[in-house]
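Next come the chains, spelled out residue by residue.
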Amino acid sequence: MTELTQFPQALSIAGSDSGGGAGMQADLNTITARHVFATTVLVAITAQNTIGVQDSMALPPAMIDAQFASIAADLDIRACKTGMLADVPTVRAVVRNLKQYDLGPLTVDPVMIAKGGASLLTEDAVAVVRDELLPLATLVTPNLPEAEKLSGITIKTAQDMQDAADYFRGIGAQNVIIKGGHLTEEPVASDFVLLADGSSFWMTAPRVNTVRTHGTGDTLSACITAELAKGATMADAIRTGKAYVEAAIRDGIIVGHGHGPLNHWAYAEAGND
Ligand SMILES: Nc1ncnc2c1ncn2[C@@H]1O[C@H](COP(=O)(O)OP(=O)(O)OP(=O)(O)O)[C@@H](O)[C@H]1O
Ligand SMILES: Cc1ncc(CO)c(N)n1
């Protein structure tokens with residue numbers, strides 16, 4: 001008799017972007033495109049489009065607990081990620097649940113500010129993310145402003161990015177990607193990767209001259225989460241994530257009037273599995 005095996009399942013713990021480009025919607029599009037079943041713990045709702053964030057609201061911690069309990073009681077989650085975490089009670093609720101349930105490797109995308117400049121994490125929650133969430137992280141994926149804020153290191157050079165990565169390993173995150181997408185004057189988009197075994201490498205892609213970069217960070221971390229759910233090694237998952245986001249930015253789609261969303265069909269249409 002053939003043994004039935006569970007289809008790979010991943011979990012996105014994030015906020016909703018009504019405009020569809022970032023947050024939980026980017027995670028769902030990415031995880032689904034990578035042939036992994038996506039489940040969700042919704043922690044906040046934003047009224048948002050490609051132009052900006054018009055309003056936002058965190059959900060009650062008890063509702064966060066209830067969603068984790070429902071998922072843990074039934075599903076077989078092999079990898080999870082966090083995105084927007086809004087405020088201190090939300091971060092603490094997520095930390096509490098991540099300690100309670102085994103949901104596979106945890107990728108923390110320490111989301112702070114939307115592309116249009118709106119805050120997605122209160123100031124007092126930054127230290128809670130650093131001190132309580134990051135020690136649980138299998139992988140942390142800050143962009144440059146997030147890495148600066150969390151580490152206190154001013155990042156201007158490649159060496160600064162490496163120093164920041166060392167800082168995150170020092171506070172307990174096992175693997176680190178420092179994303180260089182914000183170094184807009186550079187001709188390439190280079191990210192520094194530091195792995196749990198101490199090895200490191202740079203990932204470089206041609207910089208696409210576009211404003212259609214809404215949800216790039218969410219997409220990278222969601223793709224890595226999907227690959228980890230399928231059992232990929234951390235290094236392979238990260239390389240696939242970079243290739244996926246590179247294609248999704250390069251073959252842009254025209255949606256909205258501001259920082260438009262990515263093309264989640266591009267990676268597969270380029271012939272990738
Ligand atoms: N214009 C671009 N061209 C090519 N790659 C890019 C570009 N902008 C960002 N990237 C890549 O996209 C990935 C996400 O990096 P980025 O620094 O933009 O994340 P982020 O600021 O967290 O994104 P967001 O907050 O919109 O989700 C990285 O691999 C980065 O190198
Ligand atoms: C809800 C949400 N999460 C994350 C981001 C960051 O891309 C965003 N703009 N909105």
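Here, every reference points to the structure presented above.
From a predicted model like this one, the values you see are computed outputs, not experimental measurements.

Draft legend 1. Local environment of the overall build of the chain. From N to C terminus, the chain includes nine helices and nine strands. Relative to its length of 273 residues, the chain is compact, with a C-alpha radius of gyration of 17 Å against a globular reference of 19 Å. Along the first, second and third principal axes, the C-alpha set of the chain runs to 50 × 45 × 40 Å. Across the 273 residues of the chain, 51% fall into the buried class. Partitioning the intrachain contacts of the chain with sequence separation of at least 6 by distance along the chain shows that 69% fall at a separation of at least 24. Considering the chain, the positive charge centre built from 18 side chains and the negative charge centre built from 30 side chains are found 2 Å apart.

Draft legend 2. Seen up close, the packing of aromatic side chains. Counted according to the given criterion, the structure contains three aromatic pairs. When the centroid spacing of 5.4 Å and the interplanar angle of 85 degrees are considered together, the rings of Y167 and F168 count as edge-to-face. With a relative accessible area of 24%, Y167 lands in the partly exposed category. In this structure F168 comes out as buried when scored by relative accessible area, which is 0%. Their ring planes at 55 degrees and their centres at 5.1 Å tell us that F192 and W202 sit as a pair that is tilted. Here F192 is found in strand β8 (residues 188-194), whereas its partner W202 is found in strand β9 (residues 200-206), with ten residues between them in sequence. For W202, a relative accessible area of 33% corresponds to the partly exposed category. The ring of F201 has R239 lying over it, and the distance from NZ or CZ to the ring centre is 4.0 Å.

Draft legend 3. Structural detail: the site of ligand 2. As a matter of local geometry, ligand 2 sits amid G15, S16, A22, G23, Q48, M84, V111, A114, L120, H214 and D218. Within the contact set of ligand 2, an oxygen atom lies 2.8 Å away from a side-chain nitrogen or oxygen of D218. Here ligand 2, which alone exposes 290 Å², has 94% of that area covered by the protein. Classifying every residue of the shell around ligand 2 gives five nonpolar, five polar and one charged.

Draft legend 4. Focus on unusual backbone geometry. The phi dihedral of H35 is positive, around 60 degrees, even though this residue is not glycine. Of note, H35 is situated in the loop between α1 (23-33) and β2 (37-48). Look at H35 and you get exposed, because its relative accessible area is 54%. One non-glycine residue, A86, lies in positive phi territory at about 65 degrees. Note on placement: A86 falls in the loop between β4 (77-82) and α3 (88-100).

Draft legend 5. Region of the structure containing the sheet that holds strand β7 (residues 175-178). Overall, mixed pairing links the nine strands, which are arranged β3-β2-β1-β4-β5-β6-β7-β8-β9 in an open sheet. Two strands bound the open sheet, and with one partner strand each, they are β3 (53-58) and β9. As paired elements, strand β5 (residues 106-108) and strand β6 (residues 139-140) share two bridges and run parallel to each other. Looking at the pairing, V108 lines up with V140 of β6. In the packing of α3 onto the sheet, contacts are made with β1 (9-17), β2, β3, β4 and β5, and the angle to β4 comes to roughly 160 degrees.

Draft legend 6. Inspection of the nonpolar core at higher detail. Of all hydrophobic cores here, the largest spans 49 residues; its most connected members are L11, I13, L98 and I178. When residues in this core are grouped by element, the largest group, six residues, is from α3. With sequence-adjacent residues up to four places away left out, L11 is seen in contact with T39, T40, V41, F68, I71, I77, A79, C80, K81 and L103. Residues I31, L139, L220 and V245 belong to the second largest nonpolar core, which totals 29 residues.

Reading the values: the criteria
Residues numbered from 1 in each chain as written. Chains lettered and ligands numbered in written order. Predicted model: local features only at pLDDT ≥ 70, side-chain atom pairs only at ≥ 80, totals over all residues. Heavy atoms only, no water. Helix = DSSP H or I, 4+ residues; strand = E, 2+ residues; numbered from the N terminus. Rg over C-alpha atoms; globule rule 2.2 N^0.38 Å. Buried < 20%, exposed > 50% of the residue type's maximum accessible area, 1.4 Å probe, protein only. Contact = heavy atoms within 4.5 Å. Lys, Arg positive; Asp, Glu negative; His and termini not counted. Charge placed at Lys NZ, Arg CZ, Asp CG, Glu CD. Phe/Tyr/Trp six-rings, centres within 6.5 Å; stacked < 30°, edge-to-face > 60°. Lys NZ or Arg CZ within 6 Å of the ring centre and 35° of its normal. Near = heavy atom within 4 Å. Polar contact = N/O pair within 3.5 Å; in protein donor to acceptor, adjacent residues only side chain to side chain. Areas by Shrake-Rupley, 256 points an atom, 1.4 Å probe, with all protein chains shown as cover. Nonpolar A, V, L, I, M, F, W, Y, C, P; charged D, E, K, R; others polar. Pairing = 2+ DSSP bridges. Axes fitted to C-alpha atoms, helices over the stretch in contact; angles between N-to-C directions. Core = buried A, V, L, I, M, F, W, Y, C linked by side-chain atoms within 4.5 Å.

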